[in-house]
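In case you want the letters, here they are:
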Amino acid sequence: MNVQGGRGGASMVEAGANADTEDRGPGRNVITLDGPAASGKSSAARLVAGRLGIPFVSSGLLYRVAAYLVEEMHGDPNDEGVVVRILTERRVRLVPSVAGDRILVDGRDVTAALHTDAVDAVVSAVARHRRVREWVRNRLREIPGSFVIDGRDMGTAVFPDARHKFYLTASAEVRARRRVGERSADLASVADAIRRRDRLDAAQSVPAEDAVHVETGELTLEQVVDRVMEALSEVGAV
Ligand code: DC
């Protein structure tokens, strides 16, 4: 079993493209890395994808762009109808590539604006809505070829037949310490915000039964990536 199908260039996915829900067809390999907020899954997924030479997709970006647009339109994130209407009115594109995925809205690249405290504050409310989750799931299932994807429910709801699933864990304190390095805030308030998001995201954050668990608390990012690569190598995937 080989991880193949990487593409050097970027491919465009947007609403209405042909859906391909086959997670493990010939030449296709979807590797899922799920885990709670700030568990390091995006960084690990990006590096694993880089080592395999296939695109990395962050599913959280689609929830983040939904939250970003709701904020921009001064909409109510708790109103499912409002969120869904905004998503259908705007042209949202996910562009997976080996260099990392990008989000375009009506042709404008908004990726850099999606990791802010303002987006963090409302993204869980937006992600709770069933129709928003369906919208995200459909966008993700349209992505062709092989890729590494991170999220909460990639190995369960979105790609249940993926061949290789991982679930990254770490305590809220460890995750807060990592995040404080990324944004200017004090440790206690970051840990509180992470625990709050854990509670709000709990329903969609149940690990897949067949996921390999990696406790990352004592590990560096490189060591997490090595663990994932070792597990892939043990089953002959690389
Ligand atoms: O992984 P992230 O921090 O970028 O995710 C942002 C939010 O999106 C997170 O609070 C929960 C939600 N999310 C989700 O519900 N399901 C996913 N597969 C990915 C993210």
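Our subject is the structure that appears above.
Quick summary incoming for the structure in this document. (Residues numbered from 1 in each chain as written. Predicted model: local features only at pLDDT ≥ 70, side-chain atom pairs only at ≥ 80, totals over all residues. Heavy atoms only, no water.)

## A look at the overall build of the protein chain
Next, step 1: For the protein chain, the helix and strand inventory stands at nine helices and nine strands.
Next, step 2: The burial tally for the protein chain puts 52% of its 238 residues in the buried class.
Next, step 3: Sequence separation of at least 24 residues holds for 77% of the intrachain contacts in the protein chain that already meet a minimum separation of 6.
Next, step 4: Working note: accessible area of the protein chain is about 10700 Å², and carbon and sulfur atoms make up 50% of it. (Helix = DSSP H or I, 4+ residues; strand = E, 2+ residues; numbered from the N terminus. Buried < 20%, exposed > 50% of the residue type's maximum accessible area, 1.4 Å probe, protein only. Contact = heavy atoms within 4.5 Å. Areas by Shrake-Rupley, 256 points an atom, 1.4 Å probe, with all protein chains shown as cover.)

## Overview of helix α8 (residues 187-201)
Next, step 1: For α8, built from 15 residues, the straight-helix expectation of 21 Å at 1.5 Å per residue is met to within 8% by its first-to-last C-alpha distance of 21 Å.
Next, step 2: Considered for burial, the residues of α8 that qualify are V190, A191, I194, R197 and D201. Angular distribution of buried residues about the axis of α8 spans 125 degrees; they occupy a single face of the element. (Expected span 1.5 Å × (residues − 1). Arc of directions from axis to C-beta.)

## Details of helix α5 (residues 130-141)
Next, step 1: Taking 1.5 Å per residue as the helical rise, α5 with its twelve residues ought to reach 16 Å, and the 16 Å between its terminal C-alpha atoms agrees with that figure.
Next, step 2: Of the positions making up α5, those classed as buried are V132, R133, W135, V136, R139, L140 and R141.

## Side note on the site of the ligand
Next, step 1: The ligand sits among 16 residues. The nearest are R64, R133, R152, R197 and D201.
Next, step 2: In the complex, 98% of the free accessible area of the ligand, which totals 440 Å², lies under the protein chains.
Next, step 3: The site holding the ligand turns out to be the largest pocket.
Next, step 4: Every element with two or more residues in the shell around the ligand is listed here: α2 (60-72), α4 (117-127) and α8.
Next, step 5: When its residues are assigned to classes, the shell around the ligand shows four nonpolar, five polar and seven charged.
Next, step 6: Taken domain by domain, the makeup of the shell around the ligand includes at least three residues from each of domain 1 (28-55 + 147-231) and domain 2 (60-144). (Near = heavy atom within 4 Å. 1 Å grid on protein atoms, 1.4 Å probe; cavity = no way out; pocket = protein on both sides within 12 Å on 5 of 7 lines; lining within 4 Å. Sits in = over half its atoms within 2 Å of the grid points. Nonpolar A, V, L, I, M, F, W, Y, C, P; charged D, E, K, R; others polar. Domains from an automatic or database assignment.)

## Some details on the layout of surface pockets
Next, step 1: Taken as a whole, the largest pocket spans an internal volume of roughly 840 Å³.
Next, step 2: As for the largest pocket, its lining consists of 43 residues, and the residues nearest its centre are K41, S42, H115, D150 and R179.
Next, step 3: Where the lining of the largest pocket is concerned, the elements lending two or more residues are α1 (41-52), β3 (56-58), α2, α4, β7 (147-151), α7 (172-182), α8 and α9 (221-234).
Next, step 4: In terms of residue count, the dominant contributor to the lining of the largest pocket is α1 (five residues).
Next, step 5: Across the lining of the largest pocket, the residue classes tally to twelve nonpolar, 15 polar and 16 charged.
Next, step 6: When residues are assigned to domains, the lining of the largest pocket turns out to be shared by domain 1 (28-55 + 147-231) and domain 2 (60-144), each giving three or more. (Points joined across faces, edges and corners; volume = space filled by probe spheres on them.)

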